[in-house]
Amino acid sequence: MKISNIFSRRNRILLRELVATDFKLRYQGSVLGYLWSLLKPLMLFAILYVVFIHFLKFGSNVEHFPVYLLLGIVMWTFFTEATLQGMQAIVSRGDLIRKINFPKYIIVISGTISALINLALNLLVVLIFVLFNGVDLHWSALLLPFTVLELYVFSLAIAFLLAAFYVKYRDISHIWEVFLQGAFYATPILYPVSMVAAQSVFAAKLLVVINPVAQTIQDARHSLITHQTQTVWNYVDKLWIQPIPIIIVFVTIIWAVWYFRKNQRYFAENV
Amino acid sequence: MSDKELAVTVRDLYKSFKLPHEQSGGVKQAAMGIFSRSKGYETQKVLSDVSFDIKKGEFFGIVGRNGSGKSTLLKLLAGIYAPDKGFVQVNGSLTPFIELGVGFNPELTGRENLYLNGALLGFDRGQMDEMYDEIVGFAELEKFMDQKLKNYSSGMQVRLAFSIAIRAKSDILLIDEVLAVGDAAFQQKCYETFFELKRQGVTIILVTHDMGAVLKFCDRALLISKGRITSTGTPFDISEEYLEQNYNADKDTVDNPIKSQVNENAPHLEGAKMHRDGDIKVAEAYEPGDTAVIEIDIKGGDESVGLGIQLFNSDGVYCFGTNTYVDGYKLKKGIKRVAFKVKLDLLPGNYTVNAATMDKGATSVISYHSKICKFRIKKTTEVEGVASLEHAWE
C-alpha cells in the first residue's frame, strides 16, 4: 500500500465504480432512495430533540443548542457508518478477493467514501439549520474541512483495523455495534461538556482528550456554531496535553495501515 | 535462456492451507485456543516444490485432476494467494480469468455490471463508452443490456463476462476452464479470440482437465498431481501421461458391477472380460484399430432374450452401441458365454463398456450393468474427434 498507488489511474477508476455501485445497490427499490441518508440523521435528531431538549431541558445554557446537537449527531452518524461499512467491506466483497488480485484497501476506502458523501450532504443540511437558527457565522467556519478531514482519517483507521480483524473473527461486528452504542453516550453529543464539568472537571477534560471523535465534534461546533464550545484547545490548559487527540489519530492510522498490510496477503484464503 | 524471454518464473513454490476443525472463526475459539493449546486446525499441503518457467508468447497448459492443486497454483500465479515459500515472478501485466464475471452483481443491469467489471480491468467510463457497442455485439446481448443480471441465463452472463474480459490489454492471460461454458458457436468464437491473442504475442496460461483443449491450443504443458509437478512437455506427451494417470485412478470405480441390482431369477450377466482377438490374456490397453473380444458370462440365456453392448468414452459420450436383435444373432437356450468381437476404431482415451439383457426385440431391459469392463486406447495418433475413421489423402 504505497501512497502513490492510492491515486494511480487504475485505482481511481476502481474506487469510483465501487462507490457508485454501493450507492446504486443501497437505495435500490426504496421510493425515497437517496433521501434516506439525509432523513435518518434528521429523524434521530427529532427524537433526541424531543426527549433531551424538550423534556429533559438539556443544553439550556448553550446557545443554538438544537443545531449544536444536530451537528454532533451528523458527525457521529458518519463515524458509525464509515466504521461499520469499512469493517464489512472486505468480507462482503469476498467473491472479488478470491478471484482477482487488486489493492484491497480500495474496498475499505470505498466503504468509507460513501459515508463521507453522506456526511457532506448532511453538513449542507446542518448549514441550512445554522442559517435559520440565526447563528453568526464566523471566519472560524473555514476550519471545518480540516476537522472533517481529521475525523475521516480516524474513521478510516478504525475501518482498516476492523476490516482486517473481521476477516478472521466475525464476532467483532457484534462487539463493535455494542461498543458504538456505549461510545455514543461517552461522547458529548447529547449533553454539553459543561454538564459533565458540573460533576467533575477532570472527567469533562478527559472526555475531549482521549476521544478524537469527541475532540472533532467539539472543534466543529466551536468553529461553526458557538465559540462557547469547550474544545481541547480552549478547555485544557496544559499545552502538552492539547495535541493528544491528534497524536491518537496519527498513531491509530499508522498502526491500522501496518496491520492491514500485514494481513491482506491472506484475505483471499481466509475470507 | 535470458530472463527477458520469460513471462512467468516459478521457483520452489510451497503452499498449504489451514483447515479449521469446526467453526473456529470466532473469538470464543480463539480464546479457548489460548488455554487448551490445541491448534484447532489441520494443515493441508496443497503445493510442494513447484518450479517452472513460461516463455513469452507461449500457450501453456496446466493439467491435473480435480484436487491436484492446479487451481491453487493458478491463484498463486494471479497473486491472489501468497505462497508459504518460494516465489512467483511475472514479467508484464497479468489478467486472470479465474471465473468469468468476477464481481458481477445480480441486482445491477447488464450495462452497470459491464462498467464495474471494466473498472476491475482498468478501463474508465470513457474507454468503456468507446468499446461498449463492440463488447455488447460480441456477446450478442444488445437487447438485454438494461435488464438486471439476475434475469440473464448463465450462458448470457458468461458471454457478457467473456466479451469484456478479452478487452483487457495484458501481456499474460490466465484462463481457468472458461472454455467449458457457452454453446458451440460461442466456444468457436472464444477459440478464434485466443488464437488472435496468441498471434499478437500474448502469453496464455490455460488451466484445465480437458485434454482436447490442451492438444488443440497449447505449445507446452505441465502435469500436476497431488501438489507436485509430475512432468512438463509437449501437449501430446502430457495428455498421454494424464490419461494413464486417470486410468489408474479410475480402477477402483469399477467394482463388481455385475451383481448390482439384479434379479437373480431373470436373465442377467455374471461376469465379463476383455482381451485381444487371438490372445486369451485379459488386456486393458489397445491400439486404434485393434480387434478385441469381450467375453460375457450370462445366466438365463434364451432365444427370446437379447444382449446389448454400449461403449462410452471418459467424457461420457456414447460412442457406439448395438444388440443381438439389431445384428440378428440369437442366444441359444442355456447358453453360458457369449463373445462380442469388435474392431476398436476409436481414438486414444479411456472407455467403459455397459451391457444389458433385454427382451421383446429390445423394447424392454431386463437387467442393466454399467462398467462391466473398461479399456484404454493408446496414444499412437494425433487425429482428433470421437471416432477413428479410416481415411486417406489423394
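Owing to the predicted nature of the structure, the values given are computational and were not obtained by experimental measurement.

Right, let's get into the overall build of chain A. Helix and strand counts for chain A stand at 14 helices and zero strands. Helices and strands appear in chain A in the N-to-C order α-α-α-α-α-α-α-α-α-α-α-α-α-α. Taking the principal axes of the C-alpha coordinates as reference, chain A spans close to 60 × 50 × 35 Å. Split into buried and exposed, the 271 residues of chain A put 42% on the buried side. The contacts of chain A with a sequence gap of at least 6 include a subset with a gap of at least 24, amounting to 77%.

For chain B, the helix and strand inventory stands at nine helices and 17 strands. Considering only contacts within chain B whose residues lie at least 6 apart along the sequence, 73% involve residues at least 24 apart.

A common way to state how big an interface is: give the accessible area lost once the parts meet. Contacts between the two partners involve 23 residues from chain A, matched on the other side by 25 residues from chain B. For the side of chain A that touches chain B, the secondary-structure elements that each account for two or more residues are helix 2 (9–26), helix 5 (94–97) and helix 14 (267–270) of chain A. Looking at the side of chain A that touches chain B, the element that brings in the most residues is helix 2 of chain A, giving seven residues. Split by residue class, the side of chain A that touches chain B holds nine nonpolar, three polar and eleven charged.

Now for helix 6 (residues 184–199) of chain B. Across its 16 residues, helix 6 of chain B extends 23 Å between first and last C-alpha, which sits within 8% of the 22 Å expected from 1.5 Å per residue. Downstream of helix 6 of chain B by one or two residues, Gly201(B) has phi in the positive range, about 90 degrees.

Attention now goes to the pairing of strand 3 (residues 59–63) of chain B. Two faces make up the sheet, and in a regular strand the side chains alternate between them. All names here are of chain B. With five of five residues buried, strand 3 lies mostly within the body of the structure. Burial along strand 3 is two-sided: Phe59, Gly61 and Val63 facing one way and Phe60 and Ile62 facing the other are all buried. Where strand 3 lies against strand 7 (residues 203–208), five bridges are found, and the strand directions are parallel. Each residue of the ladder has a partner; that of Phe60, found in strand 7, is Ile205. Across four bridges, the pairing between strand 3 and strand 8 (residues 220–225) is parallel. Residue pairing for strand 8: Gly61 is matched across the bridge by Ala221.

What follows covers the sheet that holds strand 8 of chain B. Residues and elements named next belong to chain B. Here six strands make up an open sheet; going across it, the order is 5-6-7-3-8-9 and the pairing mixed. Edge positions in the sheet fall to strand 5 (94–97) and strand 9 (228–233), since each has one partner strand and no second. Adjacent strand axes in the sheet meet at a mean angle of 15 degrees when their direction is disregarded. Across four bridges, strand 5 lies against strand 6 (residues 172–176) in parallel orientation. Across the sheet, residue Phe97 finds its bridge partner in strand 6, namely Ile175.

Topologically, Glu295(B) is positioned in strand 12 (residues 291–299). Discounting residues that sit within four places of it in the chain, Glu295(B) has contacts with Ala272(B), Lys273(B), Arg337(B) and Ala339(B).

All names here are of chain B. With respect to topology, three strands assemble into an open sheet ordered 2-1-4, the strand pairing being antiparallel. The open sheet has two free edges, formed respectively by strand 2 (41–55) and strand 4 (85–90), since each of these has just one partner strand. Shown here is a sheet whose adjacent strand axes are inclined to one another by a mean of 25 degrees, direction ignored. Across eleven bridges, the pairing between strand 1 (residues 6–20) and strand 2 is antiparallel. Directly across from Val8, in strand 2, lies its bridge partner Ile54.

Judged by nonpolar contacts, the single largest core of 140 residues is most densely connected at Leu71(A), Phe160(A), Ala163(A), Leu174(B) and Ile205(B). Residue contributions to this core peak at 16 residues, all from helix 4 (residues 65–92) of chain A. The next biggest cluster of nonpolar side chains, apart from the first, holds 22 residues, and it includes Leu311(B), Leu346(B), Ala356(B) and Ile377(B).

Moving on: the environment of Tyr329(B). All names here are of chain B. Position of Tyr329 among the secondary structure elements: in the loop between helix 9 (324–327) and strand 15 (337–343). C-beta crowding within 10 Å serves as the criterion here: with 13 such atoms nearby, Tyr329 is assigned to the partly exposed category. In the structure, Tyr329 is positioned 28 residues away from Gly301 in sequence and 13 Å away in space, judged by C-alpha atoms.

With that settled, consider the packing of helix 7 (residues 144–168) of chain A against helix 13 (residues 244–264) of chain A. Residues and elements named next belong to chain A. Two elements in contact, helix 7 and helix 13, have axes whose closest approach is 8 Å; the angle formed by their N-to-C orientations is 35 degrees. Handedness of the helix 7/helix 13 crossing: left-handed. Contacts between helix 7 and helix 13 pair Glu150, Val153, Phe154, Ala157, Phe160, Leu161 and Ala164 from the former with Ile246, Val249, Thr252, Ile253, Ala256, Val257, Tyr259, Phe260 and Asn263 from the latter.

Cut-offs applied
- Residues numbered from 1 in each chain as written.
- Chains lettered and ligands numbered in written order.
- Predicted model: local features only at pLDDT ≥ 70, side-chain atom pairs only at ≥ 80, totals over all residues.
- Helix = DSSP H or I, 4+ residues; strand = E, 2+ residues; numbered from the N terminus.
- Buried ≥ 20, exposed ≤ 12 C-beta atoms within 10 Å, placed from the backbone.
- Contact = placed C-beta atoms within 7 Å.
- Nonpolar A, V, L, I, M, F, W, Y, C, P; charged D, E, K, R; others polar.
- Expected span 1.5 Å × (residues − 1).
- Pairing = 2+ DSSP bridges.
- Axes fitted to C-alpha atoms, helices over the stretch in contact; angles between N-to-C directions.
- Core = buried A, V, L, I, M, F, W, Y, C linked by C-beta atoms within 7 Å.
- Left-handed = near helix turned anticlockwise from the far one by under 90°.

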